[in-house]
Amino acid sequence: MPLLLRQIAAPDVPMEADNITPDRLTGQGAADVERLALMHGSESRSIGDFFSATGSYDGIIDLQGDDLKRVKFIGAGMSRGTIRVEGDVGEHLGAGMGGGEILVNGNATDWVGPEMSGGRIEIHGNAGHLTGSAYRGASVGMTGGEIMVHGNVRNETGNAMRGGLIAIGGNSGDFTGVNMLSGSIFVLGELGIRTGAGMKRGSIISMKDAPLLPTFSYSCTYRPGYMTLYLLHLSRVFAIAEEYLQGSYKRYCGDSVELNRGEILLYAG
Amino acid sequence: MTECIQLAGGKVYDPANGIDGEVRDLYVEQGCMVETPSSSPRTIDVSGMVVMPGGVDIHCHIAGPKVNLARKLQPEDHRRDPHPGTEHTRSGAGGTVPSTFATGYRYATLGYTTAMEAAVTPIGARHTIEELHDTPVIDKGFYVLLGNNIFLQQLIRDGRKEEFRQAVAWWVNATKAYTTKLVNPGGDEPWKGKKNSNVKDIDEKSDFIPVSPRQVIDAFVDTVNELGLPHPPHIHCNNLGHSGNFQTTLETMKTAGDRRAHLAHIQFHSYAGELGKNPKSASREIAEYVNDHPNITCDVGQVMFGKSTIMTADAPLAYMLRGFKKGKWVNADTECESGCGIVPFSYQEHIYVHALQWAIGLELFLLSKDPWRIVLSTDHPNGGSFMSYPKLIRLLMDREFRREEIKRVNQKAINSTILNELEREYTLNEIAIITRAGPARALNLSNKGHLGPGADADITIYDEMADKEAMFNAPRYVIKSGALIIEDHEFRRDYYGKLLHTEPGYDESIVAEVRPFFENYYSIEFPNYAVDDSYLHDHEVIATV
Amino acid sequence: MSENVKVVENATCTFCGCVCDDMILTVDMDEKRITKSKNACILGKAWFAEHYIEEDAPVAMIDNRPVSMEEAVEEAARTLVNARFPITYGLSDTTCEAQRQAVAITDTIRGNIDTTTSVCHGPSGIALQGVGESTMTLGEVKNRADLVIYWGGNPAESHPRHFGRYAVTAKGMFTPRGKKDRHVVLVDVRRTPSAPAASQFIQVKPGKDFEVLWALRALVKNRRIDPDIEEETGVSLETMEELVERMKNCRYGVLFFGMGLTMTRGRHFNSGALLALATDLNEYTHFVAKPVRGHGNVTGADNVMSWQTGYPFGVNFSRGFPRFNPGEFTTVDLLAKRDVDAALIVATDPASNFPQAAIDHLANIPVVCLDTKATLTSKLAHVAFRTSTYGINTAGTVYRMDDVPITLRKAFDSPFPNDEEILTAIRKRVRELVLARGQARGATGVSRAAAPLQ
Amino acid sequence: MPETMLLIPGRSSKQGTSLNKGKLGDEYLDITSTVEINADEMVRLGFNSGDRLRLKNHIGEAVVTCVSKKATDLPEGMIFIAYGPTSSRLMESDTAGSGMPLSKHISVEVEKIG
């Protein structure tokens, strides 16, 4: 039976709930879980002040509530197990996670999976800025695992990404894959502007045409061998049109202010 | 808030007073060590524990414009090492360049009670003093950068020795400094004015002001000794980090002749080999010269593996280091006075050069014959954080540990050194010298580095342990100026130490000489330049010698 | 005008980030006002002339009712201590001494502290953390710079003495003929009143600064740029190539930049592109860059925050130690997301220049406000203190835009206390209240595992 | 049909001097609710200096007075305003993880009142 955490009180100020992670809840009964701490602004409170716990952790945590937008750090640092969320969640979802899975039936906001190294995050709604990114000052962001967002994301998706996969069903904002070192970003909808600025290596793929920086140059139109494999993998989550599997892609290389070894692939029909 | 305290039954290491591990009682009253207290003391049983004077760091970078710029630069380094506050102490951020509060408290948790910021531009002195005021527990001072000062170089060029001496004295007063600092003398002008080049030889003259580094070094050694500043000129030699630079280092020391001079982070200046190729160790040549010349003191600038931050007034060096990874880099030019470079860095065991630097530092420690003149330092945070001092102490004290560590690093580097042959193990008494008594003597801080009557009651008490790293990492008690700051490893009160500075006499008429230059080439008004006494708060003027 | 006149030399104007310290102020000591400010620019003259003492203004008010200082301090302290997510904001128009007290208060109450940097050159601070910077004190520009480029700023109106005192007509060691020894370029989306001071004006289409800077970086690295860049950016490839040659071949080049970069789409990446361009140019010559900071001591605020907390702005103490995250712990975001339940606003007026959503929340929470004059913020404040003016009635330290610290000289006394005095009193009371509440600091009861992740 | 234009708030000398007199003073409020528009464009849109305009976007709306600016000094499609309470009403609060709202390039619909 999964552990169910149902929200019973809304936070007035931001809440940090990094104890809501399988790594902390293993072997804890419902009463134990309610006694675990969380931060409500600057006060240390208990999970039980805001959530009722039922069941016991068997590998899955169910988190439900009408007002989870202020609840930050859900699943931060987790290494195994599953968190299923019903509702919109706060910042830093799955920050630094190394394994396991987070499923959100709702929207997320800024900093989804920053600096994560493994595991999987799937958001059925939208996410915010800096999905799968580095925190400010760091030169390396996400290094592994995958983030799938069905809706749209905003700026700096995959900032300084060095490994793993980010796939966006809708549109992305500006600076997608900025300073990217390696890894893959798929945007099935529209890319914003300045995609791949400062990227060294890695691949950014979109199914729509996009404005590119003057430091990206067209190299060829072709069918990359790995595209079918990737798209088949994505088709388990997203509806992937048949023509994308069969089609050709325009390849641009850049960023020429860096190594010029990154690529942007735009579906060409 | 100072108490009368009896420290009962501890093993005392007080090398300045010839006490080497004797069990004896010590008394503290009114912030000082006393023979017998006048009131009845609180007794603390420290039997079985090791009692030493508080540590003295002779060379570190902990406050001022470049340090703060390095702090701003690296949120990622702070984020991974938060420093929570307590009921008594402020919170802060750690990492290689901690916030001021974290710096003071962390020095205290290693048993250090005095630290000297080693490079401050004169125009940044006010900033430095403000930061030092927010650096708790420790007493502190700083060395003022004058070696690339254009006005002073012009006086050297013109042979105006007397005016030079007066001007140096004026600058030390105007900035509330402890002594003068030379960094890569002569290197600023080629850097700023000649498309990022550098001076390469101690006798190379600049086109702009035809003065060589040797002339600058000679002038400062002469003047600072004549002025009797408590600490001689603190010299960062030319060619830092370059293969074959040990010749420059030897020439620098020879220039000093038999006059007092301090060579900073000498490890970085002890490289043989050909310029542009891999360095080799020249630790024997350097150690020999230092051993034979009692006028020379030095600190090692040991490299410790892991994260560091290069921050230096030697801007061309920082630019060269930036070239390796092309990561973030800071250059900051200070008008008429200095350059500055900052590069986040990481020393790695498997890299030949890094392993060699590590080995050379250890060789210098182990080959040194007079512990009083070689001071433990990592040139924090250049060679590594001061937080790695306990590990460094273990490397020096524990041969078996050292052997294990040697095995983990680049063997090609080790094989080009004699580190494996060096059997020496430092004793607790020698550690007390290189971390306390020696630097205090080199700084002429007669009230520090010892526990005799009249000394400042800056005391560290450790549980004696076989693992010296663990031991030096966590003193059980730390007493600063008679106040019990740390008790049973916990902070029991907050305390702010004082600024240590010196006030050499000078002739007021020199102001009329400096002022016109200043009005032409500086961007602030002359009367707003000198740091006035309102910035001093708690301070102590250390007498000239 | 009375006979009782005092002259203050080498006084400092703290109106803008130039922090000119060569003012000669004539003070009428009876009237308590400055009658003449020699060397001041038009902004400085207004700054000195308009700071007279409103004797009848109450020193403090609670809900717009005059109260004693003690009463106001008590109410301010209680308001802040009772909050779960209090913020401190402002601080760019006050002394470092006051800023230090403000950080201490926020540390004690485990609040959130941010300065006007976040809506000024905060993005440049983020850029610095990404790419570093090659920079200088302003005297180096005066002495050495033979190429000066202003990008996205209008110093003729925002920093009127920047040209004369530091960067364009200023004469120095290697620039004895002033402007004749320099080439000056202005880059902006409109021809501002700064254009006449420049040797060359380059007009960029709005929102295309990043593309131009990026193309310049590529050209510096000898990469090819397509001529259709002109259509997109409004700047021809030829103009860019000519500028790049000029930059590579100058002796000492400077890029000054303003909020035309930080406040437009791209924000920190615009600043970052410019800083990276200056860095790249050091392969060829000596090149530096500098944000032209706005307020008199906004640079001091960055410095004090950095040395006390490790971070320049946007700092949160809710877990008992400082954390930094622009976008999360910056004031516009916190207010607009309604995350805040009390505010301490020092020497700034967010109610008149923040986005409306942020202003709306500010009106819904208890605000403690310190300002020299009545403002929209002081009008909506729960507790409002009237303060004396730094650099006119209060001595202390400020940092010029190039991080050079300068001591202020007081011209005449004000009956109102200064920010430092009020904040020190609040700090003392806040600490007593926090200790009395038995909220011993230290362990938060929450694992620190996630904390290092932000 | 309202015209969509780009509002660029910035500093001006007058704004700087008037704010010293007090941010609640009429002079400051006047200066921060006056916009500059390219002279040619004023003609095209049928605006005269002194006209009252309504600026509107998805955040809010504000009423301002317009003055004409030499065509060489301000490109078409742009409106300059001195920062203040008026520009705030049209400013979005999202900062894209930077702390900085987009305060300079604000897309607005412009319409003459009456």
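Nothing here was measured: the structure is a model prediction, and the numbers come from that model.

Q: I would appreciate a short explanation of the overall build of chain A in the present structure.
A: Summing up its helical and strand segments, chain A has 5 helices and 17 strands in all. Its C-alpha atoms give chain A a radius of gyration of 19 Å, within 12% of the compact-globule value 18 Å for 269 residues. Dimensions of chain A along its principal axes, counting C-alpha atoms only, are 60 × 40 × 25 Å. For chain A, buried positions account for 62% of its 269 residues. Partitioning the intrachain contacts of chain A with sequence separation of at least 6 by distance along the chain shows that 42% fall at a separation of at least 24. Each charge class in chain A can be summarised by its mean position, and for the 22 positive and 29 negative side chains these summaries are 6 Å apart.

Q: Help me understand the overall build of chain B, please; the structure alone is not making it clear to me.
A: Across its full length, chain B carries 18 helices and 26 strands. Here the C-alpha atoms of chain B give a radius of gyration of 22 Å, agreeing with the 24 Å that 2.2 N^0.38 yields for 545 residues. Considered along the principal axes of its C-alpha atoms, chain B spans approximately 65 × 55 × 45 Å. Classification of the 545 residues of chain B by burial places 69% in the buried group.

Q: Would you mind showing me how to read the sheet that holds strand β6 (residues 106-112) of chain D here?
A: Here we have 6 strands rolled up into a closed barrel, ordered β1-β5-β2-β4-β3-β6 (chain D), and mixed in their pairing. Taken pair by pair, the neighbouring strands of this sheet meet at an average axis angle of 45°, ignoring direction.

Q: Quick question: what am I supposed to make of the interface of chain C and chain A here?
A: As a measure of interface size, the accessible area lost when the parts come together is often cited. Listed by partner, the interface residues are 47 residues for chain C and 48 residues for chain A. Between chain C and chain A the total buried area reaches about 3700 Å² when both faces are included, carbon and sulfur atoms providing 54% of it. Our enumeration of links across chain C and chain A arrives at 10 salt bridges. Taking the shortest distance from any N to any O, the salt bridge between Asp-12 of chain A and Arg-84 of chain C comes out at 3.3 Å. Counting across the chain C and chain A interface gives 22 residue pairs in polar contact (both at pLDDT 80 or more).

Q: Explain the interface of chain C and chain B here, please?
A: With 78 residues of chain C at the interface, the matching set in chain B holds 62 residues. Across the chain C to chain B interface the summed buried area is about 5700 Å²; carbon plus sulfur atoms make up 47%. It is Met-173, His-286 and Trp-307 of chain C in chain C that bury the most area against chain B; as a group they hold 11% of the surface buried on that side. If you look at where chain C meets chain B, you find 7 salt bridges. When the shortest N-O distance is used, the salt bridge between Arg-90 of chain B and Asp-107 of chain C registers 2.8 Å.

Q: Help me understand the side chain of Ser-103 of chain D in this model?
A: Here Ser-103 of chain D lies in the loop between α4 (85-88) and β6. A residue is classified by how much of its surface remains accessible, and Ser-103 of chain D, at 4% relative accessible area, is buried.

Q: Got a minute to help me understand unusual backbone geometry in this structure?
A: As a rule of thumb, non-glycine residues mostly have phi less than zero, and peptide bonds are mostly trans rather than cis. The step from Gly-254 of chain A to Asp-255 of chain A runs through a cis peptide bond, and the omega angle for that step is -5°. Tracing the chain through its elements places Asp-255 of chain A in the loop between β16 (249-254) and β17 (262-267). A cis amide bond, omega -5°, links His-380 of chain B with the succeeding residue Pro-381 of chain B.

Q: I'm lost on the packing of helix α5 (residues 150-157) of chain B against helix α6 (residues 161-175) of chain B in this one. Help?
A: To describe two helices that pack against each other, one gives the angle between their axes and the distance between the axes. Residues and elements named next belong to chain B. At their nearest, the axes of α5 and α6 sit 9 Å apart, and the two run at 160° to each other. Put simply, α5 runs roughly antiparallel to α6. Where α5 crosses over α6, the two elements pack in a sense that is left-handed. Of α6, the residues touching α5 (which contributes Phe-151, Leu-152, Leu-155 and Ile-156) are Glu-163, Phe-164, Ala-167, Val-168 and Trp-171. Grouping the amino acids of the contact of α5 with α6 by side-chain chemistry returns 8 nonpolar, no polar and 1 charged.

Q: Please explain the arrangement of the chains as it appears in this structure.
A: Out of 5 pairs of chains that touch, the pair holding the most contacts is chains B and C. The smallest C-alpha distance separating chain B from chain D is 14 Å, and no contact links them.

Q: Help me understand the pairing of strand β18 (residues 383-386) of chain C in this model?
A: Every regular strand shows the same layout, with side chains that alternate between the two sheet faces. All names here are of chain C. Alternating positions in β18 separate into two faces, Val-383 and Phe-385 on one and Ala-384 and Arg-386 on the other, with burial throughout. Pairing of strand β4 (residues 60-62) with β18, which is carried by 3 bridges, proceeds in the antiparallel orientation. Bridged to Ala-60 within β18 is Phe-385. Here strand β17 (residues 367-371) pairs with β18 via 4 bridges, running parallel. The residue of β18 that forms the bridge with Asp-371 is Arg-386.

Q: Explain the sheet that holds strand β18 (residues 329-333) of chain B to me, please; I cannot follow it from the model alone.
A: The pairing of strands in a sheet comes from backbone hydrogen bonds and takes either a parallel or an antiparallel form. Strand order in the open sheet formed by 4 strands is β17(B)-β19(B)-β18(B)-β8(C), and the pairing between neighbours is mixed. In the strand order of this sheet, the two ends are held by β17 (306-312) of chain B together with β8 (132-136) of chain C, each with one partner. Adjacent strand axes in the sheet meet at a mean angle of 20°, parallel and antiparallel pairs treated alike. Two strands pair when backbone bridges link them, and β17 of chain B and strand β19 (residues 341-347) of chain B are joined in this way by 7 bridges, in the antiparallel orientation. If you follow Thr-309 of chain B over to β19 of chain B, its bridge partner there is Pro-344 of chain B. Together, β17, β18 and β19 of chain B form the strand contacts of helix α11 (residues 315-325) of chain B, whose direction differs from that of β19 of chain B by roughly 45°.

Q: Can you help me understand the packing of aromatic side chains in this one?
A: Each aromatic ring pair is summarised here by two numbers: the centre-to-centre distance and the angle between the ring planes. According to the stated counting rule, one finds 38 aromatic pairs over all chains in the structure shown. Their ring planes at 50° and their centres at 5.3 Å tell us that Phe-151 of chain B and Phe-517 of chain B sit as a pair that is tilted. A residue pair is termed long-range when its members are at least 10 positions apart, and Phe-151 of chain B in helix α5 and Phe-517 of chain B in helix α18 (residues 510-521) qualify at 366 residues. On the numbers, 5.6 Å between centres and 85° between planes, the contact of Phe-313 of chain C with Phe-324 of chain C is edge-to-face. Of this pair, Phe-313 of chain C sits in the loop between α13 (298-309) and β14 (315-316) while Phe-324 of chain C is found in strand β15 (residues 323-324), placing the two residues 11 residues apart along the sequence. Three or more aromatic residues joined by ring pairs form one cluster here, namely Phe-151, Trp-170, Trp-171, Phe-517, Phe-518, Tyr-521, Tyr-522, Phe-526 and Tyr-529 of chain B. The ring of Phe-416 of chain C carries the charged tip of Arg-386 of chain C above its face, separated from the ring centre by 6.0 Å.

Q: It is not clear to me how helix α3 (residues 100-109) of chain B should be interpreted in this structure. Could you clarify?
A: An α-helical segment advances 3.6 residues per turn. Residues three or four places apart therefore align on the same side. Residue and element names in this part refer to chain B. Of all 10 residues that make up α3, 9 are buried, and the element is covered over most of its length. Those residues of α3 that fall on the buried side of the exposure criterion are Thr-100, Phe-101, Ala-102, Thr-103, Gly-104, Tyr-105, Arg-106, Tyr-107 and Ala-108. Downstream of α3 by a residue or two, Gly-111 has a phi angle that is positive, lying close to 85°.

Q: Explanation requested: the nonpolar core in the structure shown.
A: Proteins that are soluble and globular tend to have nonpolar side chains buried together. Among the nonpolar cores identified, the biggest contains 180 residues, and Trp-171, Trp-358 and Leu-396 of chain B together with Phe-256 of chain C are the most heavily contacted of them. Ranked by residues supplied to this core, first place goes to helix α12 (residues 352-367) of chain B with 11 residues. Every residue in contact with Trp-171 of chain B, bar those within four places of it in the chain, is listed here: Pro-122, Leu-146, Asn-149, Phe-151, Leu-152, Glu-337, Val-514, Tyr-522 and Tyr-529 of chain B. Leu-25 and Ile-264 of chain A together with Leu-213 and Ile-225 of chain C belong to the second-largest nonpolar core, a separate cluster that totals 95 residues.

Q: Help me out: how do you make sense of the state of the cysteines in this one?
A: Cysteine pairs can be linked by a disulfide, which is a covalent bond between their two sulfur atoms. Here the structure, examined in full by the defined rule, presents 0 disulfides over all chains. Cys-336 of chain B takes part in no disulfide bond, and the closest cysteine sulfur to it belongs to Cys-340 of chain B, at a distance of 16 Å. Cysteine Cys-250 of chain C shares no disulfide, and the gap to the nearest cysteine sulfur, in Cys-336 of chain B, comes to 19 Å. Cys-250 of chain C gets classed as buried once you look at its relative accessible area, which sits at 6%.

Q: Just checking my understanding: could you explain the packing of α6 of chain B against α18 of chain B for this structure?
A: Residue and element names in this part refer to chain B. Closest axis-to-axis distance for the α6/α18 pair is 9 Å, and the angle between their directions is 80°. Taken together, the axes of α6 and α18 are roughly perpendicular relative to one another. Contacts between α6 and α18 involve Glu-163, Gln-166, Ala-167, Trp-170 and Trp-171 from the former and Ile-510, Val-511 and Val-514 from the latter. Looking at the contact of α6 with α18 residue by residue, the classes come out as 6 nonpolar, 1 polar and 1 charged.

Q: In this structure, what is going on with a negative patch on the surface? I would like to understand it.
A: Residues and elements named next belong to chain C. Residues Asp-228, Glu-230, Glu-231, Glu-238, Glu-241 and Glu-245 make up a contiguous surface patch of negative charge. Residue contributions to the negative patch peak at 3 residues, all from helix α10 (residues 237-249). You can see Asp-228 is positioned in the loop between α8 (209-220) and α9 (229-233).

Q: Explain the environment of Gly-269 of chain A here, please?
A: All names here are of chain A. The topology assignment puts Gly-269 in the segment after β17. Classification of Gly-269 as exposed rests on a relative accessible area of 52%. In the structure, Gly-269 is positioned 69 residues away from Lys-200 in sequence and 27 Å away in space, judged by C-alpha atoms. In this structure Gly-269 touches Gly-247 and Ser-248, once residues within four positions along its chain are discounted.

Conventions used here
Residues numbered from 1 in each chain as written. Chains lettered and ligands numbered in written order. Predicted model: local features only at pLDDT ≥ 70, side-chain atom pairs only at ≥ 80, totals over all residues. Heavy atoms only, no water. Helix = DSSP H or I, 4+ residues; strand = E, 2+ residues; numbered from the N terminus. Rg over C-alpha atoms; globule rule 2.2 N^0.38 Å. Buried < 20%, exposed > 50% of the residue type's maximum accessible area, 1.4 Å probe, protein only. Contact = heavy atoms within 4.5 Å. Lys, Arg positive; Asp, Glu negative; His and termini not counted. Charge placed at Lys NZ, Arg CZ, Asp CG, Glu CD. Pairing = 2+ DSSP bridges. Axes fitted to C-alpha atoms, helices over the stretch in contact; angles between N-to-C directions. Buried area = accessible area lost by both parts, 1.4 Å probe. Salt bridge = Lys/Arg side-chain N within 4 Å of Asp/Glu carboxyl O. Polar contact = N/O pair within 3.5 Å; in protein donor to acceptor, adjacent residues only side chain to side chain. Parallel < 35°, antiparallel > 145°, perpendicular 65-115°, else oblique. Left-handed = near helix turned anticlockwise from the far one by under 90°. Nonpolar A, V, L, I, M, F, W, Y, C, P; charged D, E, K, R; others polar. Phe/Tyr/Trp six-rings, centres within 6.5 Å; stacked < 30°, edge-to-face > 60°. Lys NZ or Arg CZ within 6 Å of the ring centre and 35° of its normal. Core = buried A, V, L, I, M, F, W, Y, C linked by side-chain atoms within 4.5 Å. Disulfide = S-S within 2.5 Å. Patch = residues over 30% accessible without salt bridge, like charges linked within 9 Å, V, L, I, M, F, W, Y side chains within 5 Å. Areas by Shrake-Rupley, 256 points an atom, 1.4 Å probe, with all protein chains shown as cover.

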